[in-house]
Amino acid sequence: MTEAMIRKKAGMASVKDMPLLQDGPPPGGFAPVRYARRISNTGPSAMAIFLTVSGAFAWGMYQVGQGNKIRRALKEEKYAARRAILPILQAEEDERFVSEWKKYLDYEADVMKDVPGWKVGENVYNSGRWMPPATGELRPDVW
Amino acid sequence: MSSAAVDATGNPIPTSAVLTASAKHIGLRCMPENVAFLKCKKNDPNPEKCLDKGRDVTRCVLGLLKDLHQKCQKEMDDYVGCMYYYTNEFDLCRKEQEAFEKVCPLK
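- For chain B, an unreviewed UniProt entry supplies the name NADH dehydrogenase [ubiquinone] 1 alpha subcomplex subunit 8-B and the organism Raphanus sativus.
- In its Function (unreviewed entry) section, the UniProt entry covering chain B states "Accessory subunit of the mitochondrial membrane respiratory chain NADH dehydrogenase (Complex I), that is believed not to be involved in catalysis. Complex I functions in the transfer of electrons from NADH to the respiratory chain. The immediate electron acceptor for the enzyme is believed to be ubiquinone."
- Here is the UniProt Sequence similarities (unreviewed entry) comment for chain B, exactly as written: "Belongs to the complex I NDUFA8 subunit family."

- Chain A appears in an unreviewed UniProt entry as NADH dehydrogenase [ubiquinone] 1 alpha subcomplex subunit 13 from Eruca vesicaria subsp. sativa.
- Note on chain A: under the UniProt heading Subcellular location (unreviewed entry), the record states "Mitochondrion inner membrane".

Okay, here's the thing in structure tokens:
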């Protein structure tokens with residue numbers, strides 16, 4: 001029912017005279033709480049911290065160097081393998097190119113057979129070095 | 001793309017996996033032919049001028065591949081399969097590489 005029926009006191013004149021029902025401190029109050037700072041002055045000195053940090057840095061850089069050595073060896077292995085198989089790949093491509101080039105020269109001779117004064121095949125540069133054909137398409141069957 | 005190392009007649013196909021798997025052997029045993037071909041190329045890059053040396057190189061390498069495949073077929077197939085799977089990454093196939101080089105030593 002209402003609060004007055006629960007908390008009533010005998011001979012109460014109004015609701016304002018009800019006994020208090022409050023949350024409060026225990027009798028005698030709470031225990032004291034420390035809030036002052038307590039930061040100790042002990043621990044490693046500045047030189048000790050500096051030496052530890054620079055030691056860790058030096059050891060880390062040494063590990064970086066070791067790792068680079070290992071990575072360089074792996075890369076060298078990969079490059080050595082590529083160097084070993086380069087000649088056979090180039091030789092196969094040369095064979096293919098020579099046969100395709102012959103076919104192209106035959107086609108050119110066929111197309112230009114009625115043009116007077118046309119030297120078939122290799123009217124390219126004058127430097128004397130061999131230059132690959134500059135058609136803009138290296139392998140038309142692939143691309 | 002086939003991951004098999006051999007074609008129908010039993011010859012190893014010179015795919016990238018097969019070539020990288022046997023690259024160390026090629027670099028050791030076909031070195032004279034390779035060096036001669038590269039010197040010829042450096043002299044004159046015209047493909048028609050170095051065809052004979054190129055044929056030497058091809059003959060040496062394909063013969064070496066066939067020889068390796070006959071001597072240590074299973075290990076070579078495993079190594080080539082691993083190379084194919086990991087796209088010619090040496091560091092990921094160390095186990096197969098060691099097995100291969102134990103049976104077909106580099107000498």
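## Here we look at the UniProt feature "transmembrane region" (unreviewed entry) in chain A
Link 1 in the chain: As annotated in UniProt, the feature "transmembrane region" (unreviewed entry) corresponds to residues 44-62 of chain A in the numbering used here.
Link 2 in the chain: Taken end to end, residues 44-62 of chain A is 89% helix and 0% strand, and its two terminal C-alpha atoms sit 25 Å from one another.

## Some words on the packing of aromatic side chains
Link 1 in the chain: A full pass over the atoms with the stated rule returns five aromatic pairs over all chains.
Link 2 in the chain: When the ring of Phe97 of chain A is compared with that of Trp101 of chain A, the centres are 5.7 Å apart and the planes differ by 15 degrees; the resulting orientation is stacked. Placement of both Phe97 of chain A and Trp101 of chain A in helix 2 (residues 46-111) is noted, with a separation of four residues, approximately one turn of the helix. Across the pair, Trp101 of chain A and Phe97 of chain A agree in class, each one buried.
Link 3 in the chain: Ring centres 4.9 Å apart and planes at 80 degrees place the aromatic pair Tyr85 of chain B and Tyr86 of chain B in the edge-to-face group.
Link 4 in the chain: By relative accessible area, Tyr85 of chain B is classed as exposed at 63%.
Link 5 in the chain: Residue Tyr86 of chain B is classed as partly exposed on the basis of its relative accessible area of 36%.

About the criteria used
Residues numbered from 1 in each chain as written. Chains lettered and ligands numbered in written order. Predicted model: local features only at pLDDT ≥ 70, side-chain atom pairs only at ≥ 80, totals over all residues. Heavy atoms only, no water. UniProt positions renumbered as here; feature names shortened; annotations may be inferred. Helix = DSSP H or I, 4+ residues; strand = E, 2+ residues; numbered from the N terminus. Phe/Tyr/Trp six-rings, centres within 6.5 Å; stacked < 30°, edge-to-face > 60°. Buried < 20%, exposed > 50% of the residue type's maximum accessible area, 1.4 Å probe, protein only.

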